[in-house]
Amino acid sequence: MKNMKQAAGLIAAGVMVLALPATEVAGQTPAGAQTWASVAQGLEEERGNEALQRVPPFKVFDNLYYVGVGYTGSWLLTTSDGLILIEAVDQRYADQVARNIRTLGFDPNDVEYLIIGQAHADHLGAAKQFQEEFGARVGMGEADWTFMEETAAAGRLRADAPKRDLVIREGDTLTLGDTTLRFYSTPGHTPGTISYEFPVVDGGTRHTAFVFGGSAPAGGLEAAEQFMASVTRIEQMQDRMEVSVLNHAWQQMDPQFWSRVDRLQARKPGEPHPFVDNARFRAWIQESKAEATKALEAARAEPAGR
Ligand SMILES: [Zn+2]
């Protein structure tokens with residue numbers, strides 16, 4: 001009913017702002033670039049370049065929008081009973097998430113949950129704001145809450161920490177309206193990294209989307225072992241994962257990410273959805289597994305106690 005409330009309020013205010021159909025955001029590119037692909041490298045590397053980083057938000061699926069900035073991804077998942085925010089960008093651009101949600105015609109107050117896959121500062125920027133100002137429940141893996149609190153207490157967290165809230169564990173599900181998220185504990189990048197799957201919809205066709213919460217191992221033997229176990233776990237599910245919802249749209253994770261946006265915005269009716277790509281998902285998991293192998297070998301080669 002939230003959507004109706006929102007629409008009524010906006011009509012009463014004399015402004016008709018509803019979620020934009022895909023055609024109205026089509027063709028927008030960052031900082032006047034010809035294509036998204038042409039600035040892919042800048043989006044990844046020029047992190048202080050505000051004009052470039054504050055990319056226009058866009059619709060990817062009927063129920064999924066990109067609301068992040070260039071180098072750190074944030075996504076808005078719409079349901080029949082409110083919104084779910086996926087990741088909260090770097091502190092430097094924390095204000096951009098709510099702005100993008102409004103640009104798309106949604107209300108940040110309708111964000112019921114914010115899910116953080118890894119407790120690093122570049123995924124936590126807007127978390128405190130969404131918790132305090134917009135009343136969203138913030139969810140993270142149990143060990144990541146502790147990890148974040150310890151990092152903050154040591155003065156090393158370069159983000160405003162949200163208060164401990166939803167603790168997400170292996171096998172948990174979260175249902176909001178017509179949408180269910182299924183969570184997996186996948187430590188290794190951080191002690192409590194979580195990954196999860198949920199359905200996305202393209203013109204009535206459902207696809208399975210997956211968020212890999214942290215796709216590179218942290219240093220040390222324990223993290224390398226955890227990461228190998230996590231990647232092996234995801235590998236067992238890889239055949240049914242069709243869409244990667246990236247928390248960083250980096251070349252290493254998907255060299256095609258930004259050109260997919262170009263293709264999406266030029267897509268004609270009946271053409272396949274450029275983000276549905278199980279082959280790329282499987283390739284990425286194999287690349288991550290190779291990383292895990294390297295990290296394990298390196299960690300095992302270290303003299304004990306180092
Ligand atoms: Zn990280």
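One can find the structure itself at the top, above this paragraph.
The structure reproduced in this document is the subject of the present report. Remember, it's a predicted structure, so these values are computed and weren't measured experimentally.

Time to look at the overall build of the protein chain. Check the secondary structure of the protein chain and you find 10 helices and 12 strands. Taking 2.2 N^0.38 as the reference for a compact globule, 306 residues should give roughly 19 Å; the C-alpha atoms of the protein chain span a radius of gyration of 19 Å, in line with that estimate. Once the C-alpha set of the protein chain is aligned to its principal axes, its extents read approximately 70 × 40 × 35 Å. The 306 residues of the protein chain split such that 44% are buried. For the protein chain, contacts bridging at least 24 residues in sequence account for 65% of all contacts bridging at least 6.

Moving on: the pairing of strand S3 (residues 75–79). The element S3 is largely enclosed, with a buried count of 5 among its 5 residues. Across the two faces of S3 the burial is the same, with Trp75, Leu77 and Thr79 and Leu76 and Thr78 all buried. In this structure, strand S2 (residues 64–66) lies alongside S3, joined through 3 bridges in antiparallel fashion. Paired with Tyr66 across the two strands is Trp75, which belongs to S3. Bridge count between S3 and strand S4 (residues 82–86): 5 bridges; the pairing is antiparallel. Bridge pairing in S4 links Thr79 to Gly82. Taken together, S3 and the strand that follows it, S4, pair antiparallel across an intervening segment of 2 residues.

With 24 residues, helix H10 (residues 278–301) ought to run about 34 Å at 1.5 Å a step, and its terminal C-alpha atoms sit 35 Å apart, in line with that. Here H10 has its buried residues at Phe281, Trp284, Ile285, Ser288, Ala292 and Ala295. Those residues of H10 hidden inside the fold are in contact with helix H8 (221–235) and strand S12 (243–244).

Taking strand neighbours across the sheet as the criterion, the 5 strands line up as S8-S9-S10-S11-S12 in an open arrangement whose pairing is mixed. Edge strands, defined here as strands with exactly one partner in the open sheet, are strand S8 (173–176) and S12. As paired elements, strand S9 (residues 179–185) and strand S10 (residues 194–202) share 4 bridges and run antiparallel to each other. Considered in S10, the bridge of Ser185 is made with Ile194.

Taken together, the buried positions of helix H9 (residues 257–265) are occupied by Phe257, Trp258, Arg260 and Val261. The buried residues of H9 occupy an angular sector of 150° when the element is viewed end-on, so they sit on one face. The elements touched by buried residues of H9 are helix H3 (40–45) and strand S1 (58–61).

The next point concerns the environment of Pro255. Structurally, Pro255 is set in the loop between S12 and H9. Residue classification places Pro255 among the partly exposed residues on the basis of 13 C-beta atoms within 10 Å. Once the C-alpha coordinates of Pro255 and Val97 are considered, the two residues, 158 residues apart in sequence, prove to be 24 Å apart.

The subject of this paragraph is the sheet that holds S4. An order of S1-S2-S3-S4-S5-S6-S7 is seen for the 7 strands of this open sheet, with the pairing classed as mixed. What marks the edges here is a single partner per strand, and that holds for S1 and strand S7 (166–168). Strand after strand, the sheet turns through a mean of 25° between neighbouring axes, direction not considered. Two elements, strand S5 (residues 111–115) and strand S6 (residues 137–141), share 3 bridges in a ladder whose sense is parallel. Within S6, the position partnered with Ile115 by the bridge is Gly139.

Attention shifts here to the pairing of S4. S4 sits mainly inside the fold: 5 of its 5 residues count as buried. Judged from the 4 bridges that link them, S4 and S5 form a sheet pairing that is parallel. What sits directly across from Leu83, in S5, is Val111.

Reading guide: rules and limits
- Residues numbered from 1 in each chain as written.
- Predicted model: local features only at pLDDT ≥ 70, side-chain atom pairs only at ≥ 80, totals over all residues.
- Helix = DSSP H or I, 4+ residues; strand = E, 2+ residues; numbered from the N terminus.
- Rg over C-alpha atoms; globule rule 2.2 N^0.38 Å.
- Buried ≥ 20, exposed ≤ 12 C-beta atoms within 10 Å, placed from the backbone.
- Contact = placed C-beta atoms within 7 Å.
- Pairing = 2+ DSSP bridges.
- Expected span 1.5 Å × (residues − 1).
- Arc of directions from axis to C-beta.
- Axes fitted to C-alpha atoms, helices over the stretch in contact; angles between N-to-C directions.

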